[in-house]
Amino acid sequence: MRRTVAAAALIFTLASPAISQSSADPPWRHGLSLMGEPRYPPGFQRFDYVNPEAPKGGMVRLSTEQGFDTFNFVIPRGTPAPGLNYLYQQLLDRSLDEVATEYGEIAEAVRHPDDYSWVEFRLREAARWHDGRAITVDDVIWSFQMLTTHNPSQRFYYRNVMKVEDMGGRVVRFTFDAPGNREKPQIMGQLNILPRHWWTGTDANGRQRDITQTTLEPPLGSGPYRIARFEAGRSIVYERVRDWWAAALPVNVGKYNLDELRFEVYRDGTVALEAFKGDNIDWRTENSARNWSTQYDFPARAQGRVVLETFPERASGRMQAFAFNTRREKFQDPRVRLAFNFAYDFEEANRGLFFGHYARINSYFHGTELASSGLPQGLEREILEQVRAQHPNGIPPEVFTREFRNPVNGSPEAVRTNLREAARLLHEAGWVIRDRALVNARTGERMRVEFLLNSPAFERVVLPYKTALERLGMEVSVRLVDPSQYVNRLRSRDFDIIVQSWGQSLSPGNEQRDFWGTEAADREGSRNVVGIKNPAIDALIDRVIFAKDRAELEAATKALDRVLLWNHYVVPQWSLGATWTARWDRFGRPERLPDYSFGFPDIWWWDAARAARAGGRS
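Residue indices follow the written sequence of each chain, beginning from 1 at its first position. Confidence filtering applies because this is a predicted model: local features only for residues at pLDDT of at least 70, side-chain atom pairs given and counted only at 80 or more, and all residues used for totals across whole chains, interfaces and linings. Remark: hydrogens and water are excluded; side-chain values derive from all non-hydrogen atoms of the structure.

A. Structural view of helix H5 (residues 269-277). Every buried residue of H5 is listed here: Ala272, Leu273, Ala275 and Phe276. Taken around the axis of H5, the buried residues stretch over an arc of 160°, which confines them to a single face. The inward-facing, buried residues of H5 abut strand S3 (59-64), strand S13 (283-286), helix H6 (289-294), strand S14 (306-312) and strand S24 (578-584). Elements are defined by DSSP. Helices are runs of H or I of four residues or more, strands are runs of E of two residues or more, and each kind is numbered from the N terminus. A positive backbone phi angle near 65° is found at Asp279, which sits one or two residues after H5. Note on classification: 1.4 Å probe, protein chains only; a residue is buried when its accessible area is under 20% of the maximum for its type, exposed when over 50%, partly exposed between these limits. This arc corresponds to the set of directions leading from the helix axis out to the C-beta atoms. Throughout, a residue-residue contact means that at least one pair of heavy atoms, one from each residue, lies within 4.5 Å.

Okay, structure coming up:
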């Protein structure tokens, strides 16, 4: 799908031939890419993976488990509606068949100097809001100001921008506080642009709009869709903008073919699955191995009216894990955290719960070429040695001497052996058994642990783990709360252990500060839920961000991966390396899908002949 409203984080470098240039200025370019020259040259007509003749029409019904109470994504309060990304555009738009490559959308050209100290975007003269007014440099500057003023996460993300200026001639410049960060030009290209005149105006009743407040007034956008109708917290329908100003741009040809996108809220996953089987939802992404293996044997699938398809994930990796809140004293010793890993029987869970579909995650960049393996060599070891010299306490010695491997369970003998090792680690860390309870030897406090969950699907995963931890003498509880309460407890860091995932691109960069950086540890809304404060990790993140080429980026990322792994901040879970999908067979798609996304629904279309065979609706 289109990128989400929150800005993505990718590292890029300049490429592509110049559009125009003077002897004193860097050249204007039509796109930026990490991997040398972009695939598509200046003046290209469309992406190779789209069907330029795709028919327009039809609609798709999608489901979400989270309700919504606002259309304002700028502020961190409230729950924004699904699909808001379809209302807005960014300065640049990404290609789905290239790694870390973007081309002009609102901006017709981009340029920056060799030291990456600033970036300029030249806006298209034809760029328009849905009310026909031009998208201006003033809109860009105001959008940046609103995001960084009213959203702490965005303020942190864009904190290296020192100044934003109107340079005249539809050109806006962002100046950075230091040179050398190759990611920054592309980050600024991913800024969501908002209409200043609408947000600072009045509504139909004459009331002044306020971007610092939640709202259910459908906002003005510039993207391929607008809000047609909605029922707060239950459903929202987007309709295609038929006279969309950007439809003929090379980045948009063959895209956004469906007339309507409908999102229905099903707060329970089981109910959502039954809604799909009852032909109330057209497309479903399945994340349960049990469902995938047992719940799709129904007549419509046997008749070929429902299609199951697995799409490989090539563009991203992930770490999904039981994540500790290391702000709490009981989790501050890495030996305690490692003991939890020895107690987790992934192999039995994979056999008994997941039908053998999954592999154990062994890297924070699992599934990508950036995952560490073996022992550090060459440039990677050199980087680690340099950081160890500056921050010796932040890098465990095992980083240099042992390959990281998760404990292996799966048999009674292995379970007993690993529980004995867990008990040894806990004793070494100052936890002892008294009256069959695990207590702190110094304070006498019992080890009490709460797993905080927001989905009942994880209860069956945690309960066997709970039993294993109780065998070690811990008092373990499992708390299932509604999404709103879960978010509030996460924001206030009021938890022991949660299930958390961090998506990783093939070009990591500034987002790593938000994931693992010291500055983010105590900032509300950051992704550093673990509370990591490790100067060695901060230094390695900087090596990733300021890498001068791809080889250095890969070496620095693998070094960061090793140090995160050997500090045992999480208990890694599992990954599929693909996406399971189910759909009612009513949609056509390009003959060749792009390498790094299956692109639904953006590059698919309504197929009337298929829809007739599938039946149920026209």
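B. Structural detail: the sheet that holds strand S12 (residues 260-265). Taken in spatial order, the four strands make up an open sheet running S3-S12-S11-S10, and their pairing is mixed. Each end of this open sheet is capped by a strand with a single partner; those strands are S3 and strand S10 (225-231). Neighbour to neighbour, the strand axes of the sheet diverge by 20° on average, direction disregarded. Paired strands, in this sense, are two strands between which DSSP finds at least two bridges. Here six bridges tie S10 to strand S11 (residues 235-240), and the two strands are oriented antiparallel to one another. Bridge pairing in S11 links Glu231 to Ser235. Note on geometry: axes are C-alpha line fits, over the in-contact stretch for helices, and angles between N-to-C directions span 0 to 180 degrees.

C. Structural detail: the pattern of salt bridges. Throughout this description, the term salt bridge denotes a Lys or Arg side-chain nitrogen within 4 Å of a carboxyl oxygen of Asp or Glu. Under the definition given, this model contains 53 salt bridges. With a shortest N-O distance of 3.2 Å, Arg234 and Glu231 are connected by a salt bridge. Judged by relative accessible area, which is 52%, Arg234 ranks as exposed. Here Glu231 falls in the partly exposed class, since its relative accessible area comes to 39%. The network of salt bridges with common partners includes Arg328, Lys330, Glu450, Arg489, Asp494 and Asp496.

D. Structural view of the packing of helix H8 (residues 334-343) against helix H13 (residues 459-471). For the pair H8 and H13, interaxial distance at closest approach is 9 Å and the crossing angle is 120°. If you check the angle between H8 and H13, you find them oblique. Where H8 crosses over H13, the handedness of that crossing is right-handed. Between H8 and H13, the contacting residues are Phe340, Asn341 and Ala343 on the first element and Tyr465, Ala468 and Leu469 on the second. In terms of residue class, the contact of H8 with H13 is built from five nonpolar, one polar and no charged. Working rule for angles: under 35 degrees goes down as roughly parallel, over 145 as roughly antiparallel, 65 to 115 as roughly perpendicular, anything else as oblique. Crossings are classed by handedness, with left-handed meaning an anticlockwise turn of the near helix from the far one by less than a right angle and right-handed meaning a clockwise turn. Each residue receives one of three labels: charged for Asp, Glu, Lys and Arg, nonpolar for Ala, Val, Leu, Ile, Met, Phe, Trp, Tyr, Cys and Pro, and polar for the others, Gly being one of them.

E. Fine view of the confidence of the model for the protein. pLDDT: the predictor's confidence for each residue, scored from 0 to 100. Per-residue pLDDT for the protein has a mean of 93; in total, 96% of the residues score no lower than 70. For the stretch residues 1-23, pLDDT sits under 50, and the model shows 104 contacts to residues farther than four places along the chain or on other chains.

F. Helix H14 (residues 483-491), seen in detail. Tyr486, Arg489 and Leu490 are the residues of H14 that are buried. Along the axis of H14, the buried positions cluster into a sector of 100°, meaning they face one direction only. In this fold, the buried residues of H14 make contact with strand S19 (448-453), strand S20 (475-480) and strand S21 (497-505). N or O atoms closer than or at 3.5 Å make up a polar contact, with two conditions inside protein: a donor-capable atom paired with an acceptor-capable one, and, for residues adjacent in sequence, both atoms drawn from side chains. Where H14 begins, one side-chain oxygen reaches toward the backbone nitrogen of Ser484, 3.0 Å away; that side chain belongs to Asp482.

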